[in-house]
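Chain by chain, the residues:
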Amino acid sequence: MPEEKHPLSFVIEGSDYLLDWFGKGIESRLRLQDILPCHISFTIGDSGADYKKYGNIKLLTMENIKEQLLKYGNNFDTFMEAIGRHYVEAQLWTDKYITEEYLIK
């Protein structure tokens, strides 16, 4: 169950596409294996843009994203190329994982 009303958004494996848009700022790196599945969801691409364009968002669970990756031999780059999107967004529904040890400046 989400602990926050609005999630913190991240991208899996980073995104050169987003770096071109926003530049490089403070970076946080979290390991998915350290996050409880109930604290995270995913969208293929930008959840906000998808909502504006389609009026809804298809959230994926940790299990869903693992199943998708398995189809491509757990190769994230192959997966991204196959789906034709720039990034996978992760929505973190608690801030308990955001500590100094995860910040990279």
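Refer to the preceding data block for the structure.
Residues numbered from 1 in each chain as written. Predicted model: local features only at pLDDT ≥ 70, side-chain atom pairs only at ≥ 80, totals over all residues. Heavy atoms only, no water.

Even without a glycine there, the phi angle at glutamate 13 is positive, about 65 degrees. According to the relative accessible area criterion, glutamate 13 is exposed, its value standing at 65%. The phi dihedral of asparagine 74 falls on the positive side, at around 60 degrees, and the residue is not glycine. Mapped onto the elements of the fold, asparagine 74 is located in the loop between helix 3 (62-70) and helix 4 (76-83). The class of asparagine 74 is exposed, set by a relative accessible area of 53%. (Buried < 20%, exposed > 50% of the residue type's maximum accessible area, 1.4 Å probe, protein only. Helix = DSSP H or I, 4+ residues; strand = E, 2+ residues; numbered from the N terminus.)

With that settled, the discussion passes to the side chain of threonine 94. As for its placement among the helices and strands, threonine 94 is situated in the loop between strand 4 (88-92) and strand 5 (103-104). Taking relative accessible area as the criterion, threonine 94 reaches 2% and is therefore assigned buried. In terms of polar contacts, threonine 94 uses its side chain to reach the backbone amide nitrogen of lysine 96, at 3.3 Å. Setting aside its immediate chain neighbours within four residues, threonine 94 contacts Glu3, Glu4, Leu8 and His39. (Polar contact = N/O pair within 3.5 Å; in protein donor to acceptor, adjacent residues only side chain to side chain. Contact = heavy atoms within 4.5 Å.)

Take the nonpolar core next. Among the nonpolar cores identified, the biggest contains 15 residues, and Ile40, Phe42, Phe76, Phe79 and Val88 are the most heavily contacted of them. Mapped by element, the contributors of at least two residues to this core are strand 3 (40-44), helix 3, helix 4 and strand 4. Residues within four places of phenylalanine 79 in sequence aside, it is in contact with Ile44, Gln68, Leu69, Tyr72 and Val88. (Core = buried A, V, L, I, M, F, W, Y, C linked by side-chain atoms within 4.5 Å.)

In this structure, serine 47 sits in helix 2 (residues 47-54). Take serine 47: its relative accessible area is 14%, and that puts it in the buried class. When sequence neighbours within four positions are dropped, the list of residues in contact with serine 47 reads Ile57, Glu89 and Gln91.

With that settled, consider the pattern of salt bridges. Applying the stated criterion across every chain, the model contains 2 salt bridges. For arginine 31, the salt bridge is made with aspartate 34, and the minimal N-O distance between the two is 3.0 Å. (Salt bridge = Lys/Arg side-chain N within 4 Å of Asp/Glu carboxyl O.)

Okay, the pairing of strand 4 next. Most of strand 4 is tucked away: 5 of the 5 residues are buried. With burial as the criterion, each face of strand 4 is covered, one bearing Val88, Ala90 and Leu92 and the other bearing Glu89 and Gln91. Here strand 1 (residues 8-11) runs beside strand 4; their pairing, made up of 4 bridges, is antiparallel. Pairing of serine 9 across the sheet is with glutamine 91, part of strand 4. Both strand 3 and strand 4 contribute to a ladder of 5 bridges, which runs antiparallel. Its bridge partner being in strand 4, phenylalanine 42 is matched across the sheet by alanine 90. (Pairing = 2+ DSSP bridges.)

Keep in mind these values describe shape, not function.
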